[in-house]
Amino acid sequence: MTAEVGERASDADLAEAFRRDPGRFSAVHERYFRDIYRYAASRLGAQEAEDVAAETFCVAFGGRDRFDPERGTLRSWLFGIATNLIARHRRTEARRYRALARTVTDSTVAGGHEDRVLTSVAAARMRPALAKALTRLNQGERDVVLLVALGGLGYDEVAQALGVPQGTVGSRLSRARKKLHKAIEQENPHG
């Protein structure tokens, strides 16, 4: 089965195409690089994100014969690879969150619409507490939270990406939310 002219090829069609012709893997890169890069940049910063995103596609290309469309989508497979690569940078990530937690935020925002200003000030004020709270999560909880929040993945995609059951995703996310909420309340007792 192939996509008609003007239609977007399915992940299964892309996988079939790059198995026959490895040069067709570039379509996977074109489709998903931006998402993987944004996710990596959100977790590691822009400088390391380029390397992690590129390495994600190198690993995927090398393992392209192991991709099984019956087990999930290319998108979730790539996010799983990226998450594993990011785990290598776990200590750096934790240091980054600790540094963010120590930063003093500037609550003055120049100009703009009142709602945007209020949102910006509230977000800036909460950033250190959130960063500190993220360091207190275990790696599994942090991966789930950040795949949902930064990667925009649903529970089923997170489960595929991490190779865990959907119920595990739900329980990790629930525990993480409770921990984050509690930690933020403790850091910001005056609201």
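Cut-offs used in this document
- Residues numbered from 1 in each chain as written.
- Predicted model: local features only at pLDDT ≥ 70, side-chain atom pairs only at ≥ 80, totals over all residues.
- Heavy atoms only, no water.
- Helix = DSSP H or I, 4+ residues; strand = E, 2+ residues; numbered from the N terminus.
- Buried < 20%, exposed > 50% of the residue type's maximum accessible area, 1.4 Å probe, protein only.
- Contact = heavy atoms within 4.5 Å.
- Areas by Shrake-Rupley, 256 points an atom, 1.4 Å probe, with all protein chains shown as cover.
- Bend = angle between axes of the 7 residues up to and from the residue.
- pLDDT = per-residue confidence, 0-100.
- Core = buried A, V, L, I, M, F, W, Y, C linked by side-chain atoms within 4.5 Å.
- Axes fitted to C-alpha atoms, helices over the stretch in contact; angles between N-to-C directions.
- Left-handed = near helix turned anticlockwise from the far one by under 90°.
- Nonpolar A, V, L, I, M, F, W, Y, C, P; charged D, E, K, R; others polar.
- Phe/Tyr/Trp six-rings, centres within 6.5 Å; stacked < 30°, edge-to-face > 60°.

1. Some details on the overall build of the chain
For step 1, the next point in the chain: In terms of helices and strands, the chain carries nine helices and zero strands.
For step 2, the next point in the chain: Each helix and strand of the chain, ordered N terminal to C terminal, gives the series α-α-α-α-α-α-α-α-α.
For step 3, the next point in the chain: Counting every position in the chain, which comprises 191 residues, the buried fraction comes to 37%.
For step 4, the next point in the chain: The contacts in the chain between residues at least 6 apart in sequence include a share of 66% that link residues at least 24 apart.
For step 5, the next point in the chain: Put simply, the chain shows about 11200 Å² of open surface, and 51% of that area lies on carbon and sulfur atoms.

2. A closer look at helix 2 (residues 26-44)
For step 1, the next point in the chain: Of all bends in helix 2, the biggest is about 50°, found at Tyr32.
For step 2, the next point in the chain: Buried within helix 2 are the following residues: Val28, Arg31, Tyr32, Phe33, Ile36, Tyr39, Ala40, Ala41, Arg43 and Leu44.
For step 3, the next point in the chain: Of the residues trailing helix 2, Gly45 is marked for its positive phi of about 100°.

3. Topic: the confidence of the model for the chain
For step 1, the next point in the chain: Overall, the predicted model of the chain reaches an average pLDDT of 80, with 74% of residues at or above 70.
For step 2, the next point in the chain: Mean pLDDT in the chain bottoms out at helix 5 (residues 90-102), which sits at 64, and peaks at helix 2, which reaches 93.
For step 3, the next point in the chain: In the predicted structure, residues 104-111 sits below a pLDDT of 50 and forms nine contacts with residues beyond four places in sequence or in another chain.

4. A closer look at the nonpolar core
It is characteristic of soluble globular proteins that their nonpolar side chains tend to be buried jointly.
For step 1, the next point in the chain: The biggest cluster of nonpolar side chains holds 42 residues, and the ones touching the most others in it are Val28, Phe57 and Val145.
For step 2, the next point in the chain: When contributions to this core are tallied by element, the ones reaching two or more residues are helix 1 (11-20), helix 2, helix 3 (46-62), helix 4 (74-88), helix 6 (114-135), helix 7 (139-149), helix 8 (155-162) and helix 9 (166-187).
For step 3, the next point in the chain: With sequence-adjacent residues up to four places away left out, Phe57 is seen in contact with Phe25, Val28, His29, Tyr32, Phe33, Ile36 and Leu78.

5. Topic: the packing of helix 2 against helix 4
For step 1, the next point in the chain: Running from amino to carboxyl end, helix 2 crosses helix 4 at an angle of 35°, the nearest separation of the two axes being 10 Å. Classified by chirality, the crossing of helix 4 by helix 2 is right-handed. Across from Val28, Tyr32, Asp35, Ile36, Tyr39, Ala40, Arg43 and Leu44 in helix 2, the residues of helix 4 making contact are Leu74, Arg75, Leu78, Phe79, Ala82, Thr83 and Ile86.
For step 2, the next point in the chain: Looking at side-chain class alone, the contact of helix 2 with helix 4 contains 11 nonpolar, one polar and three charged residues.

6. Considering the packing of aromatic side chains
For step 1, the next point in the chain: Applying the stated criterion across every chain, the model contains six aromatic pairs.
For step 2, the next point in the chain: Arranged with centres 5.8 Å apart and planes meeting at 40°, the rings of Phe33 and Phe57 form a pair that is tilted. One end of the pair, Phe33, is in helix 2; the other, Phe57, is in helix 3, with 24 residues separating them in the sequence. Both residues of the pair, Phe33 and Phe57, count as buried.
For step 3, the next point in the chain: Consider the rings of Tyr39 and Phe79, whose centres lie 5.2 Å apart with planes at 65°: the pair is edge-to-face. Residue Tyr39 is located in helix 2, and its partner Phe79 is located in helix 4; the two are separated by 40 residues in the primary sequence.
For step 4, the next point in the chain: On the basis of relative accessibility, which here comes to 0%, the residue Phe79 falls in the buried class.

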